[in-house]
Amino acid sequence: PDETDIASSILQSRKRRRNDDFQCVLPGDLLVSDSNHVRGHGTYLRNGGLVSSQAGIVYTVNRLVTVRPVRSRYIPEVGDVIVGRVAQISNKRWMIDINARHNATLLLSSVYLPEGIQRRRTQED
């Protein structure tokens, strides 16, 4: 066996192992049929079992079963560093699109630029 064949077989086995750890579900798929589990986000009760309410990956922590969507918007938490795009400029604030449920508000009084200017001039000015 060639070294490249051995390396590719190791990579394939790792990919298979990684994919086997996750259970992808669609809306309406039965997750667990017993009543010992606790309903988490992305699930609901039907006929005594937990059913997925969205397409995603199933995560089970102890007895809590949740379905995380494959694609979702970012939900910021305290202390997160974020990057955004200015969506709207008002007199005393900027509305920043951070790809979350709502735009973020940045008050101009919170921005400190050198020499007390409120914004930097660009080539277009």
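Residues numbered from 1 in each chain as written. Predicted model: local features only at pLDDT ≥ 70, side-chain atom pairs only at ≥ 80, totals over all residues. Heavy atoms only, no water.

With that out of the way, let us pick up the overall build of the protein. When its secondary structure is counted, the protein shows one helix and 10 strands. Traced from its N-terminal end to its C-terminal end, the protein shows the element sequence α-β-β-β-β-β-β-β-β-β-β. Within the protein, the fraction of its 125 residues that count as buried is 17%. Considering only residue pairs separated by 6 or more positions, the protein has 32% of its internal contacts joining residues 24 or more positions apart. Carbon and sulfur atoms make up 49% of the accessible area of the protein, which amounts to about 10800 Å² in all. (Helix = DSSP H or I, 4+ residues; strand = E, 2+ residues; numbered from the N terminus. Buried < 20%, exposed > 50% of the residue type's maximum accessible area, 1.4 Å probe, protein only. Contact = heavy atoms within 4.5 Å. Areas by Shrake-Rupley, 256 points an atom, 1.4 Å probe, with all protein chains shown as cover.)

What follows concerns the packing of aromatic side chains. On inspection of all chains with the given rule, the structure shows zero aromatic pairs. Between the NZ or CZ atom of Arg68 and the centre of the ring of Tyr59, over which it lies, the distance is 4.4 Å. (Phe/Tyr/Trp six-rings, centres within 6.5 Å; stacked < 30°, edge-to-face > 60°. Lys NZ or Arg CZ within 6 Å of the ring centre and 35° of its normal.)

For the rest of this paragraph, the subject is the pairing of strand 5 (residues 49-52). Burial along strand 5 is two-sided: the face carrying Gly49 and Val51 and the face carrying Leu50 and Ser52 are both buried. Summarising the sheet, strand 2 (residues 30-32) and strand 5 pair through two bridges and their orientation is antiparallel. Within strand 5, the residue paired with Val32 across the bridge is Leu50. With four bridges joining them, strand 4 (residues 43-46) and strand 5 adopt antiparallel strand pairing. Bridging from a neighbouring strand, Leu45 pairs with Leu50 of strand 5. (Pairing = 2+ DSSP bridges.)

This part takes up the environment of His41. Its location among the elements puts His41 in the loop between strand 3 (38-39) and strand 4. Along the chain, His41 and Val67 lie 26 residues apart, while their C-alpha atoms are 6.2 Å from each other. Setting aside residues no more than four positions away along its own chain, His41 makes contact with Thr66 and Val67.

The next thing to look at is the confidence of the model for the protein. For the protein, mean pLDDT is 77; residues scoring 70 or higher make up 71% of the total. Considering only residues more than four positions removed or in separate chains, one finds that residues 13-19, a stretch of pLDDT under 50, has zero contacts. (pLDDT = per-residue confidence, 0-100.)

So, about the sheet that holds strand 9 (residues 93-97). In space, the three strands of this open sheet follow the order 8-9-10, with antiparallel pairing throughout. The sheet terminates laterally at strand 8 (85-89) and strand 10 (104-107), the two strands that pair on one side only. Strand-to-strand, the axes of this sheet are offset by a mean angle of 35°, without reference to chain direction. Relative to strand 9, strand 8 runs antiparallel, the two sharing four bridges. In the strand pairing of strand 9, Ile89 is matched with Trp94. (Axes fitted to C-alpha atoms, helices over the stretch in contact; angles between N-to-C directions.)

Next up on the list: the sheet that holds strand 4. Ordered by their spatial adjacency, three strands build an open sheet running 2-5-4, and the pairing between neighbours is antiparallel. Either end of the sheet is taken by a strand with one partner, and the two such strands are strand 2 and strand 4. Between one strand axis and the next, the sheet turns by 45° as a mean value, whatever way the strands run.

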